Amino acid sequence: MPKLPGVNHLRAVKALVKAGFRIDRQSRHIFMSKGALHVVVPRNNPVDAYTMAAIVRDAGMSIEQFKELL
């Protein structure tokens, strides 16, 4: 089990923005990018731990780095 509990999608987006990501577009999911990195955050509350861990990994961060941004 990842060491990251479920996170509200708005908190996750704010943390990713602090990390330098920008919102490209929004629909049922929020598409974000930072250079060549692309992540997709679903609009679920909360985003489950496994999905959130995959998003953090795709963003090129560790779980500890992401927790500091929350």
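Please read all numbers here as calculations on a predicted model, not as lab measurements.

What follows covers the overall build of the chain. Within the chain, the secondary structure is distributed over 3 helices and 3 strands. Listed by position from the N terminus, the elements making up the chain come as α-β-β-β-α-α. Its C-alpha radius of gyration of 11 Å places the chain within 12% of the 11 Å reference for a compact globule of 70 residues. For the chain, the proportion of its 70 residues judged to be buried stands at 36%. By sequence separation, contacts in the chain at least 24 residues apart represent 45% of the contacts at least 6 residues apart. For the chain, the computed accessible surface area is about 4400 Å², with 53% contributed by carbon and sulfur atoms. Between the averaged position of the 11 positive side-chain charges in the chain and that of its 5 negative side-chain charges there is a distance of 6 Å.

Now for the sheet that holds strand E1 (residues 22-26). Where strands meet in a sheet, backbone hydrogen bonds hold them as pairs that are either parallel or antiparallel. Taken in spatial order, the 3 strands line up as E1-E2-E3 in an open sheet, and their pairing is antiparallel. Among the strands making up the open sheet, the edge pair consists of E1 and strand E3 (37-42). Ignoring strand direction, the axes of neighbouring strands in this sheet form an average angle of 25 degrees. Note that E1 and strand E2 (residues 29-34) share 4 bridges and pair antiparallel. Directly across from Arg-25, in E2, lies its bridge partner Phe-31.

Criteria and thresholds
Residues numbered from 1 in each chain as written. Predicted model: local features only at pLDDT ≥ 70, side-chain atom pairs only at ≥ 80, totals over all residues. Heavy atoms only, no water. Helix = DSSP H or I, 4+ residues; strand = E, 2+ residues; numbered from the N terminus. Rg over C-alpha atoms; globule rule 2.2 N^0.38 Å. Buried < 20%, exposed > 50% of the residue type's maximum accessible area, 1.4 Å probe, protein only. Contact = heavy atoms within 4.5 Å. Areas by Shrake-Rupley, 256 points an atom, 1.4 Å probe, with all protein chains shown as cover. Lys, Arg positive; Asp, Glu negative; His and termini not counted. Charge placed at Lys NZ, Arg CZ, Asp CG, Glu CD. Pairing = 2+ DSSP bridges. Axes fitted to C-alpha atoms, helices over the stretch in contact; angles between N-to-C directions.

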